[in-house]
Structures are given as structure tokens and as C-alpha cells.
Amino acid sequence: MNIGRLPLAQLSLMVFALLLPRPVQAIEELHVLLPALRQKLTVQLKELASPDALWAGKSDLAELNRATNGSYAISLLQLLNSPLPIQKDFDSAMARQGEVLLGSLLEVDASQPNLLKTDPVLAGIKAAQAKYEQVSLLNVLQEIPGKSVTVRLDRALPFIKRLQGQQLAAAELIPNFNKAAPAPAPLLAPGKFATQTSVVLLPATENLIEPLEVTVVRPLDKPSLPPVVISHGLWDSPSSFLGWAQHLASHGAAVFLPRHAGSDRNQQAEMLAGHAAPPAPVEFLRRPTEVKAVLDALETGKIPGAAGVSPRNVVFIGHSWGATTALQLAGARSVASDLWNACKDPEHPKRNLSWVLQCSFLPAAVAGSFADPRISRVVAVSPPQALVFAAGISDLKLPVLVVSGSSDLVVPPKPEALVPFSQYPKNGSQLVIAERGTHFNLPAGADSNGGPLRALLLQWLIAKPFDASTGITDPASLQLRLGGGT
């Protein structure tokens, strides 16, 4: 199975999983498909505990390892112990995207057809996460039930090499960015406003094909800051970002969080149950349209509980796919690019996990702009952008705050944040790197303190210029570094 050529429906079913009880018996035997020989050799899982164990083993691969003076042990153990792009916050829906890797690296025979179904794979990953600091292919295999599995070295080695290169590139760049100063207590603490939360349903209109649920978090008093709209990522929901909303509302902003029903957590559950198809490419166009519908409803006074809020000078914040939507609303265009042909090439050197999502957008991509004059500034947290906006980033109309985690394996910082940011127009945009930030530890759910970005988001909302001397870092959380401005 080749992830570069799979349709989105098959990719999605590989990527996402449900829980099963812990396996009683784990895989004991591996078949290793060697790239050069095109031959499967057997090895016992216990022989992979160390180079010495493989050297002393009796399997086919142990014999070959001895015959080659240990060279196969080095490369194989490096592969099997390399961290997989599956991160700790596994209950976040997007965290499961790394499962697609297992489906492409492993094969099973006809006697155990369900071995790599999503249920046992997820159970194995969670078990491995509970035992190890970083999840590797080897310790996941030790937790999956079954007798044997084939490891495709011909597919795995190029992927691991590319992944390690992306991680190394980020690690090397981090020291070049200035540490941001600790934020003052007033930016980190809740503001003076008491807040209230409600959920409203906007009716379908000519431009809104079905009713749109919107969570409203606002100060009880008249808002003193511009309104904010927050957009969630693929198979996520507004609840994952209520910490951001609560913090900003306590400081005086009315915050609106649309639920993108075509690609939210509920849609994921329906898909996994076999009651719905994966999100269609047209969802790429539907999301910015839904955001505009929220602004339209504000303008016409059709959002209960939003009295006194005018859709002017709006700040839009998005995470992951929501960050891609933020860039659309800021004017980035999906202009056809030669790079788009790389979606057909699973070994393309620029490929990263976010391309699974970005390549799915392209059938619906249009060159027109979604820029909205009611939005004045946007925040793009962990944005997949380098492929889908390859030729249209220079069309950005608004200042963009790009935030990327240095340890993000799903949307790696160098190809998806640093390189695209260098093409942004000179309009006051800023790039911030969160040390040890992953794809999933930057947002903040309900009743949290607002997460590691709360002071940064508030500073951007206030619209005051900042540099490394400006206090935006929570000293008890992730260190933020400024990668420069435009």
C-alpha cells in the first residue's frame, strides 16, 4: 500500500482508530523485506532487543547479520527504534494521523487479516505510550496482538531518513531565534471580566448549506477588545480551544468558535462507524465560507448573546486545518504550482505528514481569494501551507502571526512555517517558534489557564508591536522564540 497514491477515503480509514482491549499475545516474529534483495527474511522480535541479541540469534536475519559483520543490525535497529510521528496527546483527533505510517510500513498475510486494523493498532500505540518516552515501531509491534508481520524496509528507510532530517533541521535552527521574555502577570492571569458561554445555531442560508453551530464566549460587560473567531482543525471541535476563548474573553473580547461539521470530531465518529464518507475536498472551500457566515450573522444581529459586537477589526485564530483557513481569509491563494505534482510522488524529498491533508485539498482548490475586509489580523498555529499555497503566499493581505512547535512531527516547522514565512509580504507578520511544542500541546481546552500561547494571543489581539524583549512567554510552560518579522 502506497500512502502517496491512496485516495483520501482509504487514508482516513487507515489513519483513525478505536480502542480494543489490551492484547493477550503480541507479535513474536517479523519478516523483513530487504530493499536490494526483494526477499523476506525472518527475525524473532526478542532478537531485536539489542545488537548483541541479534548477533546471537538463530533467525534468517541473524544469520545475514553475522555474514555482513553486523551491518544489518545497525540499520534495522535504527529504523525500528526511530520515533514515529505519533504524539502524546492521543485523544486529540489529529494526533492519530501518524497511524497512516504503520499502514504503509507493515504488511500481514491472509491468515491474520485484521492484525493491522485500526482498533488493535491504536490499542498498541496507547500501550507503548504508557511505557516509553517516545513511541517507536519496535515497541508498538511489541504491543500489537498476532503472530507475525512484514516490515517494508524499502518504504521505511526513506521515510525515516526524511523525518529525521526534518527534525534535525528544526533543532539546528532553534538557537538562531531570540528567546522571548517572560510575560507580565496581567497577560498570563485571567482578566477582570466575568464571562459567559453559550451555543447558538445559525440557520442555513443561500451561502450556508446547513445550519452552523457556534460557541460564543464573551465578557458579561461590553467588550473592550476586538472580536475573535477561532477555527478548529481536522476532526477536532471548539471544545479543544475554549481555554484560549476563556482567557481572551476575560480580558474583554467576544469570541466565536464555529463547529465545522463537515470535518469535526462528530464527523470522524460517523465515518469510523461506517455512516459517513471522509471529508470531501470541497470542505477546503466550505470552511472559509462558514467563517464568513459567522461574520454576516454578527453584522445582521442574528447571533443571540452577541449584542454590542460589531464584525470589524476581527482577529481570526486557527489551528492546523483551521490555520490553513486563517491564511485563506488573509488572502493566500491556491494558485496551481509545479509542486502540486509531488502529491503523486511518495518519495518526494519535501514530503511531510501534512501533505496527506494538503494533497486532499487540491481537487477543490480555486485561485480566487477568500480575503475578508472585516478581518484585520490572523493567527495561524501549526499551519499546513507550503504545498497548497506554494504559489499564492505572496498574496497575503493581512499581518499573520505564525506559530509552530519545534517538535511538531505532523506539520514540521521548517518546511511548513519557516520556509513559507520567508515568502510573506512585508506587512507586519511575525513568526514564533515554541520550544518542545508539538502539534497538540499548543491549544488549550476548557477550564485550563489558557495554555502556553495565552499571553502571545492576547498581545496579538491588542495589536501592539512586539519583539524579543516583549513579554509573551509563560515561564512555567514552553519557551517561545521569535523567528523574525516582516
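J.: Would you mind going over helix H12 (residues 283-299) with me for this structure?
T.: Owing to its 3.6 residues per turn, the α-helix aligns residues three or four sequence positions apart on the same side. An ideal rise of 1.5 Å per residue puts 24 Å on 17 residues; H12 measures up with 24 Å between its terminal C-alpha atoms. By the criterion of burial, H12 is predominantly enclosed, with 13 of the 17 residues buried. Just beyond H12, the residue with positive phi is Gly 301, at close to 70 degrees.

J.: What should I look at first to understand the packing of aromatic side chains in this one?
T.: Here the distance between the centres and the angle between the planes together describe a pair of aromatic rings. Applying the stated criterion across every chain, the model contains five aromatic pairs. Seen in terms of ring centroids, Trp 321 and Phe 361 are 4.9 Å apart; in terms of plane orientation they differ by 45 degrees. Their pairing is tilted. With Trp 321 in helix H13 (residues 321-329) and Phe 361 in helix H14 (residues 355-361), this pair connects stretches of sequence that are 40 residues apart. The exposure class of Trp 321 is buried, given its relative accessible area of 3%. Stacked on the ring of Trp 321, the Lys or Arg Arg 287 has its end atom at 4.4 Å from the ring centre. Just above the ring of Trp 460 sits the side chain of Arg 377; from NZ or CZ to the centre is 3.9 Å.

J.: Is there a simple way to explain the side chain of Glu 47 in this structure?
T.: Locating Glu 47 in the fold gives a position in the loop between strand E2 (40-44) and helix H2 (51-56). There is a polar contact of 2.8 Å between the side chain of Glu 47 and the backbone nitrogen of Lys 58. For Glu 47, the residues in contact, after removing those within four places along its chain, are Ala 53, Leu 54, Gly 57, Lys 58, Ser 59 and Ala 62.

J.: I would appreciate a short explanation of the packing of helix H10 (residues 242-250) against helix H16 (residues 454-462) in the present structure.
T.: Working note: a packed helix pair is described by the angle between its axes plus the distance between those axes. Running from amino to carboxyl end, H10 crosses H16 at an angle of 50 degrees, the nearest separation of the two axes being 10 Å. The pairing of H10 with H16 is recorded here as oblique in orientation. For H10 against H16, the interelement crossing comes out right-handed. Contact residues: Trp 244, His 247 and Leu 248 in H10; Arg 454, Leu 457, Leu 458 and Leu 461 in H16. Of the residues assigned to the contact of H10 with H16, the class counts are five nonpolar, one polar and one charged.

J.: Whenever I open this one, unusual backbone geometry confuses me. Can you help?
T.: Excluding glycine, most residues fall at negative phi; most peptide bonds, likewise, are trans. With phi around 55 degrees, Asn 313 is a residue other than glycine that occupies positive phi space. Position of Asn 313 among the secondary structure elements: in the loop between H12 and strand E11 (314-319). At Arg 436, a position not held by glycine, the phi torsion is positive, near 65 degrees. Mapped onto the elements of the fold, Arg 436 is located in the loop between strand E14 (430-434) and H16.

About the cut-offs
Residues numbered from 1 in each chain as written. Predicted model: local features only at pLDDT ≥ 70, side-chain atom pairs only at ≥ 80, totals over all residues. Heavy atoms only, no water. Helix = DSSP H or I, 4+ residues; strand = E, 2+ residues; numbered from the N terminus. Expected span 1.5 Å × (residues − 1). Buried < 20%, exposed > 50% of the residue type's maximum accessible area, 1.4 Å probe, protein only. Phe/Tyr/Trp six-rings, centres within 6.5 Å; stacked < 30°, edge-to-face > 60°. Lys NZ or Arg CZ within 6 Å of the ring centre and 35° of its normal. Polar contact = N/O pair within 3.5 Å; in protein donor to acceptor, adjacent residues only side chain to side chain. Contact = heavy atoms within 4.5 Å. Axes fitted to C-alpha atoms, helices over the stretch in contact; angles between N-to-C directions. Parallel < 35°, antiparallel > 145°, perpendicular 65-115°, else oblique. Left-handed = near helix turned anticlockwise from the far one by under 90°. Nonpolar A, V, L, I, M, F, W, Y, C, P; charged D, E, K, R; others polar.

Take it as geometry only, folks, not as evidence of what the structure does.
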